[in-house]
Amino acid sequence: MPCKQKQGAAKTHRLVEKPKSDGPSTSTSASEGDFSNATAEAVTDRLRTLTVAESKESTAVEVGTAPVDKSTVLGSGTQTESTGKPTAALSKLFSGKLLESFTVDNSTCSLAQIRATFYPKFENEKSDHEVRAKMIELVSNGLATMEVSLKHSGSLFMYAGHEGGAYAKNSYGNIYTAVGVFVLGRMFREAWGSQANKKQADFNEFLERNRMCISMELVTAVLGDHGQRPCEDYVVVTAVTELGCGKPKFYSTPDIIAFCRKWRLPTNHVWLFSTRKSVTSFFAAYDALCEEGTATPVCKALDEVSDISVPGSKDHIRVQGEILEGLVARIVSRKSSEHMEQVLRDYPPPPVEGADLGPSLREICAANRNDEKQQMKALLESIGTSFCPNYLDWFGFEASDSHSRNADGSVLSKFLQARPADLSTAKLQEMVRLLKEKEKDVALKCYHNFHKTNSLSSDNLHFKMVIHVRSDKAFRRYQNEMRNNPGLWPLYRGFFVDLNLFKANKERVVKFSKEPDAGSGSNGDLTKDGLADEDANLMIKLKFLTYKIRTFLIRNGLSVLFNKDEVAYKDYYLRQMKIWHTSAAKQRELSKMLDEWAVFIRRKHGHKKLSSVTYLSEAEPFLERYAKRSSKNQALIGSAGSLVRAEDFMAIIKGGKDEEGDLEPEKDIAPSSPAMIVKEAVVKDQGLIIFFPGIPGCAKSALCKEILTAPGKLGDDRPINSLMGDLIKGKYWAKVAEERSKKPYSILLADKNAPNEEVWSRIEHMCRKTKAAAVPVVPDSEGTESNPFSLDALAVFIFRVLQRANHPGNLDKSSPNAGFVLLMFYNLYDGKNRKEFEAELIERFGSVVKMPLLESSRPPLPETVRSTLEEGLNLYKLHSKRHGRAEPTKGAYAKEWVKWEKQLRDTFLANAEHLNSSQVPFEVAVEKVCEQVKAIAKGDYTAPSTEKRKLGTIVFAAVSLPVSEIIHLLDNLGEKDPRVEAFLKDKNLKSSLTKAHMTLAHKGSHGVTAVANYALYLHHDVPIDMCWLLFSDTLAALEAEPGIVDGEKLISKNEWPHVTLWTAEGVAPKEANKLPQLHAQGKATRVQIDPPITITGILNFF
């Protein structure tokens, strides 16, 4: 562990590499996550040996349609003719006969090798504020460097060579990968000119020989709208990965830059922060720009506050535009700065030779508008055979359209049954087995590998496996599994595996078993420098509001606006802004603009929904007109008017699917209401809905009965009524809405379990429609890693249900399936831990009331109870996977359910004493709930924040000063000087002066960097010397001088540092800056404070 460095011990010089091209460079998309890589020295040494051979002869660049040789040699016994018809062996493979006849025995082996992948998706357990604080701590102590890169708005594209394959995020062989191959190939033509064909072929051979994959952000105007249509179509490299040694090894950013400069590939704009001053200034700069930042001011600010700035090879403003999606900040090795400086010395920016590039992506797509297949073929033919010799991944074999590339589902089972050929295969089998058993949000899809048909035989089969993660929740759950089993390999984004099932002779099996696995001795991670895993993987994404307006508020809100109405759309966008903690001023501005947008687009399109793929065709002109009305509107919009017309050259995408996954699906979206993080007093002329996100047995009906029988318990004189779900016929929540409309000013107890987000959205909408507030009451519980309720809580709920008789809903001890019903409710909450569960309720409703349930001093849950519950949960998963929501008596596990229900009752009866004693007395629970509801009704309640500090926009830096000390100073001064006494006589400053500060720098006057640089002293005590009092008929202020903090003199950027004390009615506080000029003109009085009085305040951002 390196010793902690003293502040200032680190290097203080800054390195900014000058861009090769003219004009400022502010390029492209971010690489995400700090993950595996060979050591910096080793990779750099290898890069030196990977020389790019110079072409000795000039080669003409093919810019037209290249001929394709459709006579493909497939190997012995499988050669196709020029007709492209597959042989009998291939026909057997496609028909499934080869796979069906392939049996797994002792000689069967499986070899799995990752073919393409992107970084794992790590979800920080800490809040964004905690992550930022930890990053600052690590950098300040000299343990790490923080790296920041641009988060570009495009689609993930991975390339592993022609035979290795081209891949999108979750698929291959489609329009996304055809576009990616075309754009990447075109980048070679742009960079290498006449040498392009040879370099393309060399690059393919290099990637396949070294089993490598490069990941890129694919930025085009033909694959659907993001935040802004790019001016040009291009890629930027975000990751380089070695895949030949088992576990993927990701290059560090300096090594990515070295690799890309050797091959003249586009790189990203990267900044490094290695000192406390630079890293704190970065976060302050982002906070100052987060609501109105665009590419130019953001890149300028980061260039000024970073220690090293490495511009990308593509100018973001020139090729993409001003709308910037965001930034990615991550922790990297503390040696990264030195490594980067060495790479920049060894690998200067390469020249750009240029060439006749031929037809552009947009021209080709526009000329081939009939169907997706036609567009793909035209793109691949245009790029030429040196880069794309055949089209197997897209079309298979010519004249064989009837043969699907989809493989039989038995591939996976045979893969898992077969003996692993090496440790890498064993680790992938472990991962796949876990995903199959536990993860419903991951699809495992297998396809025939057409590139491997040359080795096809009855004993040797090849496939491609795609691991498609359909929900971010799956990554979070898998991370929990990795914490319990550190040996698990990560779950990557963009995950493609080559599978080989084969029969091996005894000698080959022994050879496999004895061979050391190159991936077994290295986890592939970057040198951690002694950092804990959770610190080494720290990463945070920081997006800009100007981008989110377009994508989240306009594009993703289209379904709500067209399928619902303007009211529902307002619910939607207000809630989004609350979740983002958008400042109140921006919320007001955005509400006005979005309301106008909703009326405009609905009036123009009626009920015909605007396509989210080309939404900018309408949104961009609207935003341009809106921005031109005022400078405030221009700042809100960020940039508008550079619309690229896309309708004539959009790629044909079947089913409107979105490879990147950030387009809203074309379906109804339930509207949601704005969340109030701090609940104000419930207005008495409004209603109140108390509802219960719980599980049967949580005592909600008993609680409602207690409240009804003693109305004064809530400290409220409004009428109270209750609707018990078990007694309502028909749709319960429709009945609640009806009751709310009849009695809008009453308190309604919604006595029914409300377990999911669909119900919560209905309640929100009800509140909006009927002017009501809603309060969720939840049983208090620690929860598990993936459920807000612990097994102890579930045990109590079941125990209570099994004790009750004659229940109106027939869920009591006489119910034969009571345990099954409770497990079903428990699983409805699966996927959220307690923190996430409560945070969402708070964000939606502004409060959460916790009903005490379990005694804190209770003994552990008896093992027999725990094992019975776990057995039931496992049985429920098997049942639901096979039968969905069918009753337990009708499925294949009917006998097992009967046996388990009996075991449940016997076990709980035997442990009745523990289950009774572990509960908080009911009367105590009722009292605590009523106290909390009373506090909310009175406005005495403050919701627990989902962040320790709300991160928001910064406008200025200032020192907050104690008003009491300033008043004391003025009183003493008045006693000594009659002029001061006369001035203060009628000002009543003791009541009018409620807060005071001395401004150090303002974003509007001094710039973002000037404000951000004070971040180093955030929350520090700052001594301020009060030297003079100046006042006029309309103004009064103290002239002030900041003192020394941490050995450094603090300098205010204000020309006249001061503390404003008073302004006459109608006079703005900023007018106090004119007091020195007024004094010089004889229009103000200046009284010296001798000796100066020192008042200490705290430096803050506002």
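Bear in mind the structure is a predicted one, so any value in this text is a computation, not a measurement. (Residues numbered from 1 in each chain as written. Predicted model: local features only at pLDDT ≥ 70, side-chain atom pairs only at ≥ 80, totals over all residues. Heavy atoms only, no water.)

A. Quick look at the pattern of salt bridges. Tallied over the full model, the rule gives 44 salt bridges. As a salt-bridge pair, Arg 318 and Glu 232 come within 2.9 Å of each other at their nearest N and O atoms. With Arg 318 in helix H10 (residues 316-319) and Glu 232 in the loop between strand S6 (212-219) and strand S7 (234-242), the pair connects residues that are 86 residues apart, well separated along the chain. Residue class for Glu 232 comes out partly exposed when judged on its relative accessible area of 28%. Where Lys 987 meets Asp 986, a salt bridge forms, and the shortest distance between an N and an O atom there is 2.9 Å. By relative accessible area, which is 16% here, Lys 987 ends up buried. By relative accessible area, Asp 986 is classed as exposed at 61%. (Salt bridge = Lys/Arg side-chain N within 4 Å of Asp/Glu carboxyl O. Helix = DSSP H or I, 4+ residues; strand = E, 2+ residues; numbered from the N terminus. Buried < 20%, exposed > 50% of the residue type's maximum accessible area, 1.4 Å probe, protein only.)

B. The pairing of strand S13 (residues 442-448), seen in detail. Judged by how many residues are buried, S13 sits mostly within the fold: 6 of 7 residues are covered. Note that S13 and strand S14 (residues 460-469) share 7 bridges and pair antiparallel. For Ala 443, the partnering residue across the bridge sits in S14 and is His 468. (Pairing = 2+ DSSP bridges.)

C. Main features of the pairing of strand S18 (residues 720-724). Of all 5 residues in S18, 4 are buried, a share of seventy percent or more. Bridge count between S18 and strand S19 (residues 747-753): 5 bridges; the pairing is parallel. Note on S19: the bridge partner recorded for Ile 720 is Ile 747. Of the crossover connections in this fold, the one passing from S18 over helix H27 (residues 732-742) to the parallel S19 is right-handed. (Right-handed = clockwise from strand over helix to strand, strands pointing away.)

D. Seen up close, the packing of aromatic side chains. A complete count under the given rule lists 40 aromatic pairs for this structure. Taken together, the aromatic side chains of Phe 157, Tyr 159, Phe 188, Phe 203, Phe 206, Tyr 251, Phe 259, Trp 263 and Phe 387 make up a single cluster linked through ring pairs. Over the aromatic face of Trp 192 sits the side chain of Lys 199, whose NZ or CZ is 4.8 Å from the ring centroid. We note Lys 987 situated over the ring of Trp 1062; from NZ or CZ to the ring centre the distance is 5.0 Å. (Phe/Tyr/Trp six-rings, centres within 6.5 Å; stacked < 30°, edge-to-face > 60°. Lys NZ or Arg CZ within 6 Å of the ring centre and 35° of its normal.)

E. Geometry of the environment of Ser 360. Mapped onto the elements, Ser 360 comes out in the loop between helix H11 (336-346) and helix H12 (361-367). Exposure remark for Ser 360: the relative accessible area of 19% places this residue in the buried category. Residues Ser 360 and Ser 382 lie 22 residues apart in sequence; the distance between their C-alpha atoms is 9.4 Å. Look past the residues within four positions of Ser 360 in its chain and what remains in contact with it is Phe 182 and Arg 186. (Contact = heavy atoms within 4.5 Å.)

F. Here's a closer look at the confidence of the model for the protein. Across the protein, the average pLDDT comes to 82, with 82% of residues at 70 or higher. The lowest-confidence element of the protein is helix H1 (residues 40-49), averaging 44 in pLDDT; the highest-confidence one is strand S9 (residues 270-273), averaging 97. This stretch, residues 943-951, has a pLDDT under 50; its non-local contacts, to residues over four places away or in other chains, come to 25 contacts. (pLDDT = per-residue confidence, 0-100.)

G. Summary view of the sheet that holds strand S8 (residues 249-250). Spatially, 5 strands are ordered S5-S4-S6-S7-S8 in an open sheet, and the strand pairing comes out antiparallel. Strands with a single pairing partner mark the edges of an open sheet, and in this sheet they are strand S5 (166-167) and S8. Pairing of S7 with S8, which is carried by 2 bridges, proceeds in the antiparallel orientation. Paired with Thr 241 across the two strands is Phe 250, which belongs to S8. Across the sheet, helix H7 (residues 253-263) touches S6 and S7, and the angle it forms with S7 is around 120°. (Axes fitted to C-alpha atoms, helices over the stretch in contact; angles between N-to-C directions.)

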